[in-house]
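Remarks on the overall topology
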Amino acid sequence: MDTTVKILEDSTTITGFYDQEADVLYLSLGEPREAVAVDISDGVIARYNEDSETIVGITLIGLRQRVLKELNQKLHVVPHANGWAVSEENVESSEKVFATQEAAFKYAVGSAKARWLEVVIYGENGEVEEVINPAIDALLQRRNLGESESGKRECLESV
């Protein structure tokens, strides 16, 4: 297969659009054209125009999450003068205060799960008690649940 791939060989304008809700960055190289999507990496899609043998766009899925992960951003559940606080690493003025550790923990887990962040839980003495990744934990739990469910079905079928 002798395929040519041209990238920015012509003087090209790059335009982009970021969908914050979906966490997807769309980049177009020049005027939008018909193209096929080529999955070149996990969450990275190249848009390839077969007629001109040119990359005409790039789509980056989960860009914000990837950058935050690379920055090793975490949510911290820490003691606070007014109860318990959830603060976000590397983000100024992100602290939210809750009456109880449990309320702060639930908020942190919900936020972290959606963004694939770790949660660092501190005790009243300020020492780290536990570090969790709610998204990974939920994924593993679903997989284990699925395996146990299929095991139950096999047992029932053999009876």
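Residues numbered from 1 in each chain as written. Predicted model: local features only at pLDDT ≥ 70, side-chain atom pairs only at ≥ 80, totals over all residues. Heavy atoms only, no water.

1. What about the packing of aromatic side chains?
What the rule picks out here adds up to two aromatic pairs. Centre to centre, the rings of Phe17 and Tyr26 are 6.2 Å apart; their planes meet at 20°, and the pair counts as stacked. The class for Tyr26 is partly exposed, based on a relative accessible area of 35%. When the centroid spacing of 5.2 Å and the interplanar angle of 35° are considered together, the rings of Phe98 and Tyr107 count as tilted. (Phe/Tyr/Trp six-rings, centres within 6.5 Å; stacked < 30°, edge-to-face > 60°. Buried < 20%, exposed > 50% of the residue type's maximum accessible area, 1.4 Å probe, protein only.)

2. Focus on the confidence of the model for the protein
With 81% of its residues at a pLDDT of at least 70, the protein reaches an overall mean of 82. When mean pLDDT is taken per element in the protein, strand 8 (residues 96-98) scores highest with 95 and helix 3 (residues 134-158) scores lowest with 59. The low-confidence segment residues 149-159 (pLDDT under 50) makes zero contacts with residues lying over four places distant or belonging to another chain. (pLDDT = per-residue confidence, 0-100. Helix = DSSP H or I, 4+ residues; strand = E, 2+ residues; numbered from the N terminus. Contact = heavy atoms within 4.5 Å.)

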